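Here is what each chain is made of, one letter per residue.
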Amino acid sequence: MAGPSDSVIISARGVGKAFSRRDVVTALAGVDLDIRRSEFLCLIGPSGCGKSTFLYIVAGLVSATSGELTLDGRPMRGPSRDRGLIFQEDALYPWLSVFDNIAFGLRLRAARARSREEIAASVAALIRLVGLQGFELRVPTELSGGMKQRTAIAACLATEPKVLLMDEPFGALDAQTRGILQRELLRIHETVGRTTLFVTHDIREAILLSDRVAVMSARPGTIKAIVDVDLPRPRWRSLQEQDPAFLRLERHLHGLLDDDIYNSSDAVPALDTATSLAEP
Amino acid sequence: MKAGPKSAPAIRSVPPEADDVVSRFLRLCHRFRRVYSIVLLLLAWEVFAFAINDPLFLPSFIAVLKMAWSMLQSGQLIVDASASLQRSLIGFAFAMAVGVPLGILMGWFRQWDDFWGSIVSLSNPIPKIGLVPLFVLWFGIGELSKVAVIAAGGFFPILINVYNGVRGVNPIWIWRARTVGISETEILFKVILPAALPAMFTGARLGMALAWVILIAAEMVAARSGLGFRILYGQQMFETEVVFAGLLTISLLGFLFDRVIQALSQKTCSWYFRLGHQAQAET
């Protein structure tokens, strides 16, 4: 996978991040990762492995201390409309309605003077896509957590970024809503087909959503392995999490993560029985 | 202000649709729940005034009202109140005109904070009433010295609140704006200003209240009109009713202005008050 190829949209070479407080803490040590055009790539790893830091570096909001990142072969500098970011917690503007939150990026100068009708039409289409019809005029405080993240996804898609970056967007939701939104995201991805880099610590979520899963190791964070998820698409209607192929992948990823989890400082091995129960 | 008392437990037990005499009476009582303390205070005042029987020390509230009414009829109170109003509003407008932009610039640009921060920290603790003699020296005993003192007093709470409001903007809101390609001026107008608006209103409320306090003091030191002057005049003439009538007018006007600013902030920052209620409901 060395060297830029046509199918690669974002390429990271030796991306590192060190914080210097009292002593230097290396959060990321040389991450090499190619993100292919229109693929769904999940980044998983134990907490504190720097996966979110890497995502923020790709978004351009955090600067790397070493290495280089390119988008379509050109080096990236700072944040831009090319890369849309969806945050873990709600980042909607509470003073704007659902409609205005989604239209926010379309009304900027960077959107190059789109007419009122054009904006209304694209926002309406996005509202249909994420299933928020009837909630256009609600403000974020009147929305449930799931609806907030639907709005955030629509707002992010509005500016038509080349790459979607998602930082554990369903982490704060209850299990049931998370399940619904995972399927919704699958459906949206399988409809829109946009390159997505998705950070999570949930192995099942990663398998369900992605084409490939990149596993990170902790402190300092590096890419430890990349696992292909060869489950057929479209999945949003049909994929079962009891599917043998799914379970095999889950076991494999658990195995990859476990060494690191047991080595991390806040591991409680006795409680982590999920893996052993999954064994036949 | 409006939402809290709705849950007063005493009246909650009365179903709103009940139409018997008792529950109607209870509802009526509930409606005036915020007035009882004032009525009680005035009653105590009357009793005290009657017991002491020394109008020079404490005139009865009725006598104060009568004096206020006659001052209103003679036009005296109007002249004084409008003189004070004019000064406080002009001074307040100056304080806003300087405090809001400077607060935004200091909150947003590190260099502005570095340059102005120490001057602000050093001049804020100076009691602004202490500036009255200086301003009289500089600007004479005319309107300018009073307006300047009020502006100086209102300026600091406005500045500090706007500054804190800008500094306290959720960084995620700024990050999100940056990932959709927002320009620096657009960040200011589309993210920072709306997000900091509630803090600006807090600054305006505090600034307005302080403007009144300082105004009255300034008018006592050097003025020929205004409510502060009238109060001092009443004291010198041994007309305690006039003193109280002046204080009453100040209290009412100050209350009125606070309410106007509060209503404006609830209208323009309704999202902020909803956030507060949500937090309350969740705890």
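In case you missed it, the structure is sitting above this.
As the structure is a prediction and not an experimental result, all values here were calculated from the model.

Participant: Where do I start with the pairing of strand β2 (residues 24–36) of chain A in this structure?
Facilitator: Regular strands place their side chains on alternate faces of the sheet. Residue and element names in this part refer to chain A. Bridge analysis of strand β1 (residues 8–20) against β2 gives nine bridges, and the strand direction is antiparallel. In the strand pairing of β2, alanine 12 is matched with leucine 33. Following β1, the chain reverses through three residues before pairing antiparallel with β2.

Participant: Help me understand the environment of phenylalanine 156 of chain B, please; the structure alone is not making it clear to me.
Facilitator: Residue and element names in this part refer to chain B. Positionally, phenylalanine 156 belongs in helix α8 (residues 143–167). Residue phenylalanine 156 is classed as buried on the basis of its relative accessible area of 7%. Distance from phenylalanine 156 to tyrosine 233, taken between C-alpha atoms, is 31 Å for residues 77 residues apart in sequence. Not counting residues up to four positions away in its chain, the partners in contact with phenylalanine 156 are Val120, Ser123, Asn124 and Lys128.

Participant: I keep staring at the interface of chain B and chain A and nothing clicks. Help me out?
Facilitator: Residue-level contacts link 21 residues of chain B with 25 residues of chain A. Taken as a group, Arg176, Thr179 and Val180 of chain B account for 32% of the area that chain B buries against chain A, more than any other trio of residues on that side. At the boundary of chain B and chain A, one finds zero salt bridges. Seen at the junction of chain B and chain A, the total is 10 residue pairs in polar contact (both at pLDDT 80 or more). Contributing elements (two or more residues each) for the side of chain B that touches chain A: α9 (171–179), α10 (184–221) and α13 (270–282) of chain B. Element by element, the count of residues in the side of chain B that touches chain A is highest for α9 of chain B, at seven residues. Classifying every residue of the side of chain B that touches chain A gives 11 nonpolar, five polar and five charged.

Participant: I tried to follow the sheet that holds strand β5 (residues 74–75) of chain A on my own but got confused; where do I start?
Facilitator: All names here are of chain A. Pairing is antiparallel in the open sheet, where four strands are placed in the order β2-β1-β4-β5. Whereas interior strands pair on both sides, the edge strands pair on one side only; in this sheet they are β2 and β5. Note that strand β4 (residues 66–71) and β5 share two bridges and pair antiparallel. The residue bridging leucine 71 from the neighbouring strand is arginine 74, located in β5. Against the sheet, helix α1 (residues 51–59) engages β1, β2 and β4, with an angle of about 120 degrees to β1.

Participant: How should the pattern of salt bridges be read in this particular structure?
Facilitator: Side chains bearing opposite charge may pair, as long as their charged atoms lie close to each other. A complete count under the given rule lists 14 salt bridges over all chains for this structure. Here aspartate 80 of chain B and arginine 230 of chain B are joined by a salt bridge, their closest N and O atoms 2.5 Å apart. Of this pair, aspartate 80 of chain B sits in helix α5 (residues 76–108) while arginine 230 of chain B sits in helix α11 (residues 227–236), placing them 150 residues apart in sequence. For the pair aspartate 80 of chain B and arginine 230 of chain B, a shared accessibility class is recorded, and that class is buried. Ionic pairing is found between arginine 87 of chain B and glutamate 143 of chain B, a salt bridge with its closest N-O pair at 2.8 Å. Taken as a pair, arginine 87 of chain B in helix α5 and glutamate 143 of chain B in helix α8 lie far apart in primary sequence, 56 residues in all. Given a relative accessible area of 43%, glutamate 143 of chain B falls into the partly exposed group. Among the charged side chains, a salt-bridge network with shared partners connects Arg37, Asp72 and Lys162 of chain A.

Participant: I would appreciate a short explanation of the sheet that holds strand β9 (residues 212–217) of chain A in the present structure.
Facilitator: Hydrogen bonds between backbone groups are what pair the strands of a sheet, and the pairing can be parallel or antiparallel. All names here are of chain A. One open sheet accounts for six strands, arranged β6-β7-β8-β3-β9-β10; its pairing is mixed. Every other strand in the sheet has two partners, leaving β6 (83–86) and β10 (222–228) as the edge strands with one partner each. Neighbour to neighbour, the strand axes of the sheet diverge by 20 degrees on average, direction disregarded. Sheet analysis places strand β3 (residues 40–44) next to β9, joined by four bridges and oriented parallel. Across the sheet, the residue bridging to isoleucine 44 is valine 215, located in β9. Contacts from α1 reach β3, β6, β7 (163–167), β8 (195–199) and β9, with the element oriented near 150 degrees to β7. Docked against the sheet, helix α4 (residues 145–158) engages β6 and β7, running at close to 170 degrees with respect to β6.

The rules behind the values
- Residues numbered from 1 in each chain as written.
- Chains lettered and ligands numbered in written order.
- Predicted model: local features only at pLDDT ≥ 70, side-chain atom pairs only at ≥ 80, totals over all residues.
- Heavy atoms only, no water.
- Pairing = 2+ DSSP bridges.
- Helix = DSSP H or I, 4+ residues; strand = E, 2+ residues; numbered from the N terminus.
- Buried < 20%, exposed > 50% of the residue type's maximum accessible area, 1.4 Å probe, protein only.
- Contact = heavy atoms within 4.5 Å.
- Buried area = accessible area lost by both parts, 1.4 Å probe.
- Salt bridge = Lys/Arg side-chain N within 4 Å of Asp/Glu carboxyl O.
- Polar contact = N/O pair within 3.5 Å; in protein donor to acceptor, adjacent residues only side chain to side chain.
- Nonpolar A, V, L, I, M, F, W, Y, C, P; charged D, E, K, R; others polar.
- Axes fitted to C-alpha atoms, helices over the stretch in contact; angles between N-to-C directions.

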